[in-house]
There are 2 protein chains.
Amino acid sequence: MTDAFDDLAAGLAGLAAPRAIDPGVLATLLSRVRRRDVARGEHLCRQGEPVDSLFFVRTGLLRYYYLADGVEHTGQFFDAGMLIGDVFAMTGGDVALQNIDALEASELLVVPMAALHSAYAADHAMERFGRRLIEIGMIGSQRRTAALLQLSPEQRYERFVASRPEVARRVPLYLVASYLGITPEGLSRIRRRRVQG
Amino acid sequence: MTDAFDDLAAGLAGLAAPRAIDPGVLATLLSRVRRRDVARGEHLCRQGEPVDSLFFVRTGLLRYYYLADGVEHTGQFFDAGMLIGDVFAMTGGDVALQNIDALEASELLVVPMAALHSAYAADHAMERFGRRLIEIGMIGSQRRTAALLQLSPEQRYERFVASRPEVARRVPLYLVASYLGITPEGLSRIRRRRVQG
DNA sequence: GTCGCTTCTTAACCCGGGTCAAGGCGGGCG
DNA sequence: CGCCCGCCTTGACCCGGGTTAAGAAGCGAC
């Protein structure tokens, strides 16, 4: 499982690295991490159903989305190096509020929530690390809210392409539309305007 | 400062109460909490400026908002019993990304971030409590994102009134509009439709 | 009382994106 | 090879909310 640690450590290097975490606690946590390969289209969880893990994306691309009267609304995309999980389910909610599926064949590391909670309980520094992770996610979530409030669909599209060009290339446009909160037809028109005007 | 503790404890009772937190650590934290009364319209922080505290709302009503080319977009309202603070500034970002102001004359408890971080460092259970707080905020933020993605302004208004009737009564409509992501005129039309039919 | 400010509403016009319906295109599979 | 299906685009029409401009109601200050 050393390679799992390397990937996780590398992926999380941008955050305050887990320096002070007790090596034994970390080893125990990592020993419970499993690899999992998922095919494009495969679901890791569905809203209303119980989940017991969160996922580290080693390669590939995933998203979480909400389903409202037949329409999918994409919350966020996750590519290599990111952690994806249902926060509600992770914090005692037991069932997921979101759906998570793979947009490409992906290679994941599966972190059992029970193992994570054990690690939190066993080591203060680990708990702190978890707090930082959520805080960073919270800032991203608030930024997304701000974007939805203050930008037009067209501006959101430009900003999305500018900030995540890699993801924008790999994701089909109808999913980009569902992330921007518009229809595929709407996005198509926006793109045409950009080429012509 | 006992009354400060009571209020905080009562306000946070809905969360996993801070039972296991070391009494000494808690006492030290609470000893550094100060009361502050703010007038309607007063700002607690502005985007781009440093902040060093977060706030517990004892009475009154506040909000945070973003300013984009002269237009205010309200992120969330906070009334009695809630904690309000700029997460980015609270996590090493140093300056605020948000503006916070009082919509009514309010009575606050001011928690210095330095004191909070000391308490986090001093006690594992306190750190965990902080993690839970952020997690709960994160779930709320994701719910808000989902609402903006999948509901029309009209639906968002209905849902807002249904879920926070107290706040809806106390907040001027032009601020409700800025929370819903529409203009006061737009909200006015929505309300008229609802009355007529 | 009245001046002035804030808040809310109304009306007219505009426009972006939703909706519906149709068609194009490329790639996988039989 | 040819078919089908997933993905994308286009066009026509509609409609909600933005924009602009104006005015009404409430209310505090003087």
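Here the structure is shown first, and the text comes after it.
Criteria and thresholds
Residues numbered from 1 in each chain as written. Chains lettered and ligands numbered in written order. Predicted model: local features only at pLDDT ≥ 70, side-chain atom pairs only at ≥ 80, totals over all residues. Heavy atoms only, no water. Helix = DSSP H or I, 4+ residues; strand = E, 2+ residues; numbered from the N terminus. Contact = heavy atoms within 4.5 Å. Areas by Shrake-Rupley, 256 points an atom, 1.4 Å probe, with all protein chains shown as cover. Buried area = accessible area lost by both parts, 1.4 Å probe. Salt bridge = Lys/Arg side-chain N within 4 Å of Asp/Glu carboxyl O. Polar contact = N/O pair within 3.5 Å; in protein donor to acceptor, adjacent residues only side chain to side chain. Near = heavy atom within 4 Å. Nonpolar A, V, L, I, M, F, W, Y, C, P; charged D, E, K, R; others polar. Phe/Tyr/Trp six-rings, centres within 6.5 Å; stacked < 30°, edge-to-face > 60°. Lys NZ or Arg CZ within 6 Å of the ring centre and 35° of its normal. Pairing = 2+ DSSP bridges. Axes fitted to C-alpha atoms, helices over the stretch in contact; angles between N-to-C directions. Least-squares fit on C-alpha atoms with pLDDT ≥ 70 in both. Parallel < 35°, antiparallel > 145°, perpendicular 65-115°, else oblique. Buried < 20%, exposed > 50% of the residue type's maximum accessible area, 1.4 Å probe, protein only.

*Asks:* Looking at this model, I keep getting lost on the overall build of chain A. Mind explaining?
*Replies:* Across its full length, chain A carries 9 helices and 8 strands. Nonlocal contacts in chain A, meaning residues at least 24 apart in sequence, comprise 70% of its contacts between residues at least 6 apart. Total accessible area computed for chain A in this model is approximately 9,200 Å², and 53% of it derives from carbon and sulfur atoms.

*Asks:* Looking at this structure, how should I read the interface of chain A and chain B?
*Replies:* As a measure of interface size, the accessible area lost when the parts come together is often cited. Counting from both sides, the interface comprises 37 residues of chain A and, opposite them, 37 residues of chain B. Where chain A abuts chain B, roughly 3,400 Å² becomes buried across the two surfaces, and 64% of that area is made up of carbon and sulfur atoms. Between chain A and chain B we count 4 salt bridges in total. Between A:Arg128 and B:Glu127 there is a salt bridge; the shortest N-O distance is 2.9 Å. Our count for the chain A to chain B interface comes out at 14 residue pairs in polar contact (both at pLDDT 80 or more).

*Asks:* What's the story with the protein's contact with DNA strand D in this structure? I'm lost.
*Replies:* Taken together, 19 residues surround DNA strand D, and among them A:Leu173, B:Thr183, B:Glu185, B:Arg189 and B:Arg193 come closest. Within 4 Å of the protein, the contacting atoms of DNA strand D are drawn from sugar and phosphate to the extent of 59%. In this structure, A:Arg192 approaches DNA strand D through a side-chain N or O atom, which is 3.2 Å from a phosphate oxygen. Mapped by element, the contributors of at least two residues to the surface near DNA strand D are α8 (173-180) and α9 (184-196) of chain A together with α6 (153-163) and α9 (184-196) of chain B. Class assignment of the residues belonging to the surface near DNA strand D gives a composition of 6 nonpolar, 4 polar and 9 charged.

*Asks:* Please explain the packing of aromatic side chains as it appears in this structure.
*Replies:* The relation between two aromatic rings is expressed through the spacing of the ring centres and the mutual angle of the planes. In total, this model carries 10 aromatic pairs over all chains according to the counting rule given. Of the aromatic side chains, those joined through ring pairs into one cluster are A:Tyr64, A:Tyr66 and A:Phe78. Sitting over the face of the ring of B:Tyr65, B:Arg63 holds its NZ or CZ atom 3.9 Å from the ring centroid.

*Asks:* What's the story with the protein's contact with DNA strand C in this structure? I'm lost.
*Replies:* In the vicinity of DNA strand C there are 19 residues, among which A:Thr183, A:Arg189, A:Arg193, B:Leu173 and B:Tyr174 approach most closely. Restricting attention to atoms of DNA strand C within 4 Å of the protein, one finds that 64% of them are sugar or phosphate atoms. One of the side-chain nitrogen or oxygen atoms of B:Arg191 is found 3.3 Å away from a phosphate oxygen of DNA strand C. Between B:Arg192 and DNA strand C, the recorded distance is 3.3 Å, taken from a side-chain N or O atom to a phosphate oxygen. Those elements that place two or more of their residues in the surface near DNA strand C are α6 (153-163) and α9 of chain A together with α8 (173-180) and α9 of chain B. In the surface near DNA strand C, the residues fall into 6 nonpolar, 4 polar and 9 charged.

*Asks:* I'm lost on the sheet that holds strand β6 (residues 83-84) of chain A in this one. Help?
*Replies:* Adjacent strands of a sheet form backbone hydrogen bonds with each other and so pair up, either parallel or antiparallel. Residue and element names in this part refer to chain A. As summarised here, the arrangement of the 4 strands in space is β1-β8-β3-β6, forming an open sheet in which the pairing is antiparallel. Single-partner strands in this sheet number two, and they are β1 (34-38) and β6. For β1 and strand β8 (residues 106-112), the ladder comprises 5 bridges, and the chain directions are antiparallel. Looking at β8, one finds that valine 38 is bridged to serine 106. The strands touched by helix α4 (residues 113-122) within the sheet are β3 (53-59) and β8, with β8 carrying the most contacts at an inclination of about 55 degrees.

*Asks:* How should I be thinking about the relation of the copies chain A and chain B in this particular structure?
*Replies:* Between the two chain copies there is a screw-like relation: a rotation about an axis and a shift along it. Of the transformation superimposing chain A on chain B, the axial component is 0.0 Å and the angular component is 180 degrees, with the fit at an RMSD of 0.0 Å. Taken together, the rotation angle and the small translation identify this as a two-fold axis. When you check the interface residues of chain A against chain B, 100% turn up at the interface there too, and the contact is symmetric in its surfaces.

*Asks:* Hey, could you run me through the packing of α4(A) against helix α5 (residues 124-150) of chain A in this one?
*Replies:* The description of two packed helices rests on the angle between their axes and on the distance between the axes. All names here are of chain A. Between α4 and α5, the least distance of the axes is 5 Å, while the angle of their chain directions is 125 degrees. As the angle between them shows, α4 and α5 are arranged oblique. Residues Leu116, Ala119, Tyr120, Ala121 and Ala122 of α4 touch α5, and the partners they reach there are His124, Met126, Glu127 and Gly130. Residue composition of the contact of α4 with α5, by class: 6 nonpolar, 2 polar and 1 charged.

*Asks:* Is there a simple way to think about the pairing of strand β3 (residues 53-59) of chain B in this case?
*Replies:* Looking along a regular strand, one sees side chains alternate from face to face of the sheet. Residue and element names in this part refer to chain B. Within β3, 6 of the 7 residues are buried, which leaves the element mostly enclosed by the surrounding structure. Pairing of β3 with strand β8 (residues 106-112), which is carried by 6 bridges, proceeds in the antiparallel orientation. For serine 53, the partnering residue across the bridge sits in β8 and is proline 112. Where β3 meets strand β6 (residues 83-84), 2 bridges bridge the pair, whose relative direction is antiparallel. In the strand pairing of β6, phenylalanine 56 is matched with leucine 83.

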